[in-house]
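The lines below spell out each chain.
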Amino acid sequence: SSRTMSLLSQLEKINLDSVLGEADNARYVTSKILHLVQSQEKTRKEMTSKGSTGIEVILSTLEVKPFNLCGYGYIASFHFIIGLRGGRRASVLVTKGGTQILLQLLLTASKDTPPNEELMVLVHTLLAKIGPKDKKIGIKARINGALNISLNLVKQNLQNHRLILPCLQVLRVYSTNSVNAVSLGKNGVVELMFKIIGPFSKKNTSLMNNLEIFDFFPDFLYKETNARRAVDRGYVQVLLTIYVDWHRHDSRHRYMLIRKGVLQCIKSVTNIKLGRKAFIDANGMKILYNTSQECLAVRTLDPLVNTSSLIMRKCFPKNRLPLPTIKSAFHFQLPVIPASGPVAQLYNLPPDVDDVVDESDDNDDAETESEIEIENDDDKDQHFKNDDIETDINKLKPRQELGRPIEELKMYEKFFPELSENFQECDLVSKEPKPFVPDANLSGPIVVPTAGEE
């Protein structure tokens with residue numbers, strides 16, 4: 001009976017009608033729905049309430065009818081219905097099949113030359129809102145071909161900040177899938193990243209100040225294959241140079257978020273062994289130490305100091321507990337050294353050899369290949385057995401040994417008779433009843449109670 005339900009019923013009739021003259025009526029109904037959704041919270045709740053068919057009607061319109069000017073109103077309506085952060089209403093749109101329809105709409109709109117910018121911004125912004133609610137969006141985007149559409153839009157519109165930001169938000173959602181992240185890295189996202197992130201320039205600040213830029217790139221470089229690709233191309237040195245450049249020019253500390261974002265990228269790259277080695281070779285320890293010292297006087301720059309400290313601690317060369325080597329003035333004598341084993345090998349190392357081997361990412365290639373081969377295992381529980389964990393309870397119990405022989409402890413038996421006496425031989429615990437024997441010292445007759453007397 002409400003105005004919204006009346007408009008939705010008219011929209012359903014328009015979907016079933018193939019008359020060309022209904023286009024004007026469709027525009028009218030669409031504008032009315034958009035106005036109600038935009039101005040009234042009651043209408044937004046009604047559209048997403050339990051049992052309402054409002055979302056299905058609009059989605060079916062986008063799916064059945066060829067996209068025209070009415071489609072902008074439908075997508076804009078979804079934006080106002082979902083709100084700024086999504087939440088439960090975004091989940092409603094996902095459960096109704098909205099992700100698949102929007103991806104298909106994106107594929108259809110990309111065939112236009114040039115693609116409609118307004119439509120691309122609307123669809124990508126909406127996908128970025130509902131994407132975190134759809135666990136399968138990465139696979140759906142790759143199957144539909146939408147993955148390359150968003151990437152090509154970024155490559156072709158590097159100066160169009162209004163279009164780049166929603167595209168990067170969507171690529172971040174796509175890259176949560178491991179296969180998508182590897183595919184994006186092979187298609188040049190690493191190189192593209194350093195076309196967006198650059199040295200200090202007032203022209204770049206409007207784009208780089210947006211948190212979405214540095215939400216995507218650190219997460220993308222967190223993947224081992226992408227981090228290795230960045231290291232192989234010498235981008236660790238580039239990141240350090242960019243950070244120092246922004247540090248020198250940002251004398252008023254207006255661009256602290258940009259500097260922190262560059263540090264987050266360095267932190268992601270140094271998660272692998274090659275990245276840590278490249279960081280040390282590029283004199284990164286000295287660079288971050290000096291810049292951190294200059295930031296200590298300003299309290300608002302504590303996030304930069306904390307992130308720099310984490311990177312330096314992670315990349316600092318590691319050494320074991322000092323053993324008899326030239327590296328330490330202390331000598332720790334182990335009680336028992338087996339003839340063969342890791343400890344014996346450690347003792348036989350030359351003094352100038354580092355006794356810690358970093359094997360954190362020696363099997364990156366094998367892991368990446370396995371991720372590509374079994375991409376559909378995201379929904380399955382994977383149980384890994386650790387052979388290094390001891391499961392025998394008897395072996396885990398510490399052995400308690402006496403400080404003295406048992407013969408020396410027998411002298412204390414008289415102080416603790418309860419530890420040595422055998423109480424089973426006593427009458428108190430004997431199962432047979434003890435016969436009654438009258439005491440001779442008692443005087444007077446002995447009265448035995450009869451039955452019934454207490």
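Residues numbered from 1 in each chain as written. Predicted model: local features only at pLDDT ≥ 70, side-chain atom pairs only at ≥ 80, totals over all residues. Heavy atoms only, no water.

Looking at an unreviewed UniProt entry, one finds the protein chain named CBPC1 carboxypeptidase and attributed to Chunga burmeisteri.

(A) Focus on the pattern of salt bridges. Enumeration over the complete set of coordinates arrives at eight salt bridges. The closest approach of N and O atoms between R162 and E118, which form a salt bridge, is 3.0 Å. With R162 in helix 11 (residues 161-174) and E118 in helix 8 (residues 117-130), this pair connects stretches of sequence that are 44 residues apart. On the basis of relative accessibility, which here comes to 43%, the residue R162 falls in the partly exposed class. You can call E118 partly exposed: its relative accessible area is 37%. What emerges from the salt-bridge pattern is a single network uniting E117, E118 and R162. (Salt bridge = Lys/Arg side-chain N within 4 Å of Asp/Glu carboxyl O. Helix = DSSP H or I, 4+ residues; strand = E, 2+ residues; numbered from the N terminus. Buried < 20%, exposed > 50% of the residue type's maximum accessible area, 1.4 Å probe, protein only.)

(B) Layout of the packing of helix 7 (residues 98-109) against helix 8. At a minimum axis distance of 11 Å, the contact between helix 7 and helix 8 shows a crossing angle of 155°. Here helix 8 runs roughly antiparallel to helix 7, going by the angle between their axes. Crossing angle aside, the handedness with which helix 7 passes helix 8 is left-handed. Contact residues: T99, L102, L103, L105, L106 and A109 in helix 7; L119, M120, V123, H124, L126, L127 and I130 in helix 8. Residues of the contact of helix 7 with helix 8, tallied by class, amount to eleven nonpolar, two polar and no charged. (Axes fitted to C-alpha atoms, helices over the stretch in contact; angles between N-to-C directions. Parallel < 35°, antiparallel > 145°, perpendicular 65-115°, else oblique. Left-handed = near helix turned anticlockwise from the far one by under 90°. Contact = heavy atoms within 4.5 Å. Nonpolar A, V, L, I, M, F, W, Y, C, P; charged D, E, K, R; others polar.)

(C) Broad picture of unusual backbone geometry. For H253, which is not glycine, the phi dihedral falls at a positive 60°. Mapped onto the fold, H253 is located in the loop between helix 17 (235-249) and helix 18 (256-269). Phi at N283 is positive, roughly 65°, even though this residue is not glycine. Along the polypeptide, N283 turns up in the loop between helix 19 (273-281) and helix 20 (284-295). Under the relative-accessibility criterion, N283 is labelled partly exposed at 40%.

(D) Layout of helix 20. For helix 20, with twelve residues, the first-to-last C-alpha span of 16 Å sits near the 16 Å given by 1.5 Å per residue. Contact partners of the buried residues in helix 20: helix 17, helix 18, helix 19 and helix 21 (302-315). (Expected span 1.5 Å × (residues − 1).)

(E) The packing of aromatic side chains, seen in detail. The tally for this structure, following the rule as stated, stands at four aromatic pairs. When the centroid spacing of 5.0 Å and the interplanar angle of 75° are considered together, the rings of F200 and W246 count as edge-to-face. Highlighted residues: F200 in the loop between helix 13 (189-196) and helix 14 (205-208) and W246 in helix 17, separated in sequence by 46 residues. Since its relative accessible area comes to 0%, W246 is described here as buried. One aromatic cluster is present, formed by F200, W246 and Y255 through successive ring pairs. (Phe/Tyr/Trp six-rings, centres within 6.5 Å; stacked < 30°, edge-to-face > 60°.)

(F) Local environment of the environment of K133. Its location among the elements puts K133 in the loop between helix 8 and helix 9 (137-144). Taking C-alpha positions, K133 is 9.8 Å from T99, a pair spaced 34 residues apart along the chain. With residues near it in sequence (within four places) discarded, K133 still touches G87, A90, S91 and V94.

(G) Just the side chain of R229, in detail. Residue placement: R229 occurs in helix 16 (residues 224-232). The charged side chain of R229 is buried without a salt bridge, its nearest counter-charge being E191 at 5.6 Å. If near-sequence neighbours (up to four positions away) are discounted, R229 is found in contact with G185, K186 and V190. (Lys, Arg positive; Asp, Glu negative; His and termini not counted.)

(H) Main features of the side chain of N226. Looking at the secondary structure, you find N226 in helix 16. Judged by relative accessible area, which is 0%, N226 ranks as buried. Of note is the side chain of N226, whose polar atom sits 3.3 Å from the backbone oxygen of A181. (Polar contact = N/O pair within 3.5 Å; in protein donor to acceptor, adjacent residues only side chain to side chain.)

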